[in-house]
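# Residue-level structural notes
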Amino acid sequence: MKLGFVGLPNVGKSTLFNAITNAGAGAANYPFCTIEPNVGMVSVPDERLEKLAEIYNPDKFTPATIEFVDIAGLVKGASKGEGLGNKFLSNIREVDAVVHVVRCFESNDIIHVEGSVDPIRDIETINLELIFSDIEIATRRLDKASKALKGDKSMQTEVDFLKRLIAHLDEGQPARSIEITNDTEQMVIDTTSLLSAKPIIYACNLSEEDFKGGIDNCANYQKVKELAAREKAEILPICAALEEQLADMPQEEKMMFLEDLGLERSGLDRMIKSCYSLLGLISYLTAGKPEVRAWTIKKGTKAPQAAGKIHSDFERGFIRAEVIAFDDFINKCDGNMVKAKELGLIRSEGKEYVMHDGDIVLFRFNV
């Protein structure tokens, strides 16, 4: 999973990226500090995996990972090549989802590229640049589809949808908010590489005072929350300055710090949870002395395709999956596979089995 951090210059994007990845990207009080995208790999926290490691004491421990990309700040005119526009657009095209860092905090010490703090204006600035780029792409596809329609009447549905899509974009609405009514329309969205169709999380960068005073009292956060609901986007309240402090703390001290703020999880943990929800992802687990590992798959994935994440031979020669739910493994048989078999908790599942989050699996295959 590859997530791109975007935002206007000086909204706290690189500071937040540094805090959650410890990748050391430059963070400075001037636009375009980030020119080349910085990349950081982050392990996905999973208490289930840690529990399995305690039981098996494996030779290798492999959590799921997320790749974060810190993309250069964007200004008006990016779709026409202004600032670092072309580089920005090509970098964002390569990610699975977007974390749009939006400045909601006030500060006299940190300049804003527009001269004032207005999160809705900032969101519209970036959204419009993505939309302008999408209009060009959708128009080119419409021209091609219209020519094909002359010899293939089955193209009519695609042509009609592209016209509706372009009208939607012309109104300043992102592609992700358009209503999809059939499989052809979904296919067009999936294969047109539209930037404004990418799943998005609005990461609202708040001040420490906002968190301590209660985020519901922050007017800027509430504005973004309302916009996210209209766009079918995720929203994440976060404080880059706090995450920076948390990054270097021992675990016990970190938990006490979060508790004082009335938070159960760090911003990174909450961001990962939002990303999994946004992209419709779950994890299944494999466990044994050689390795304890988490594997990320889409919700609805069937057992053979899940096995293929490990190796293509597992999918090609799939026989069955021996499955036990993590909660059953821990709560009903004390983390003991022998006891699990005796209690009949290990199920033998075939090719049509749909994987569940937290399944502990042993795949049987033959090639």
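In short, a report on the structure. In this text, all values refer to a predicted model and were calculated from it rather than measured experimentally.

## Some details on unusual backbone geometry
Here the phi dihedral of serine 193 falls at roughly 55°; this positive angle occurs in a residue that is not glycine. Tracing the backbone through its elements, the reader meets serine 193 in the loop between α6 (183-191) and β6 (200-205). Here serine 193 falls in the partly exposed class, since its relative accessible area comes to 39%. Backbone geometry places lysine 232, a non-glycine residue, at a positive phi of 60°. Note on placement: lysine 232 falls in the loop between α8 (219-231) and β7 (234-238). The class of lysine 232 is exposed, set by a relative accessible area of 59%.

## Examining empty space enclosed by the protein
This model, assessed by the stated rule, comprises one cavity of 30 Å³ or more. In this structure, the largest cavity spans a volume of roughly 40 Å³. The wall of the largest cavity is formed by Phe211, Cys239, Leu242, Glu243, Leu246, Leu258, Leu261, Leu263, Arg265, Ser266, Gly267 and Arg270. Those elements that provide at least two residues to the lining of the largest cavity are α9 (240-246) and α11 (267-279). The residue inventory of the lining of the largest cavity, partitioned by class, reads seven nonpolar, two polar and three charged.

## Concerning the side chain of serine 266
Tracing the sequence through the fold places serine 266 in the loop between α10 (251-260) and α11. Serine 266 gets classed as buried once you look at its relative accessible area, which sits at 10%. What serine 266 contacts, discounting residues up to four positions off in sequence, is Glu243, Leu246 and Leu258.

## Re the environment of valine 99
Of note, valine 99 is situated in strand β5 (residues 97-103). Measuring from C-alpha to C-alpha, the distance between valine 99 and cysteine 275 comes to 8.8 Å, with 176 residues separating the pair along the chain.

What counts, and where the lines are drawn
- Along each chain, numbering runs from 1 in the same order as the chain's sequence is written.
- With the structure being a predicted model, the display of local features is reserved for residues of pLDDT at least 70 and the display and counting of side-chain atom pairs for 80 or more, all residues being used for whole-chain, interface and lining totals.
- Computation of side-chain values covers all heavy atoms of the structure but excludes hydrogens and water.
- What counts as a helix is a DSSP run of H or I of at least four residues, what counts as a strand is a run of E of at least two, and both are numbered from the N terminus.
- Per-residue accessibility, obtained with a 1.4 Å probe over protein chains only, is compared with the maximum for each type, and a residue is labelled buried under 20%, exposed over 50%, and partly exposed between these values.
- Here a cavity denotes grid points, spaced 1 Å and computed from the protein atoms alone, that fit a 1.4 Å probe unable to get out, and a pocket denotes an open set having protein on both sides within 12 Å along at least 5 of 7 lines; residues with an atom within 4 Å of a point are the lining.
- Grid points are joined across faces, edges and corners, and a volume is the space filled by probe spheres set on the points.
- Three classes are used, and their members are as follows: Ala, Val, Leu, Ile, Met, Phe, Trp, Tyr, Cys and Pro are nonpolar, Asp, Glu, Lys and Arg are charged, and the others, Gly among them, are polar.
- Any two residues whose heavy atoms approach within 4.5 Å at even a single point are treated as in contact.

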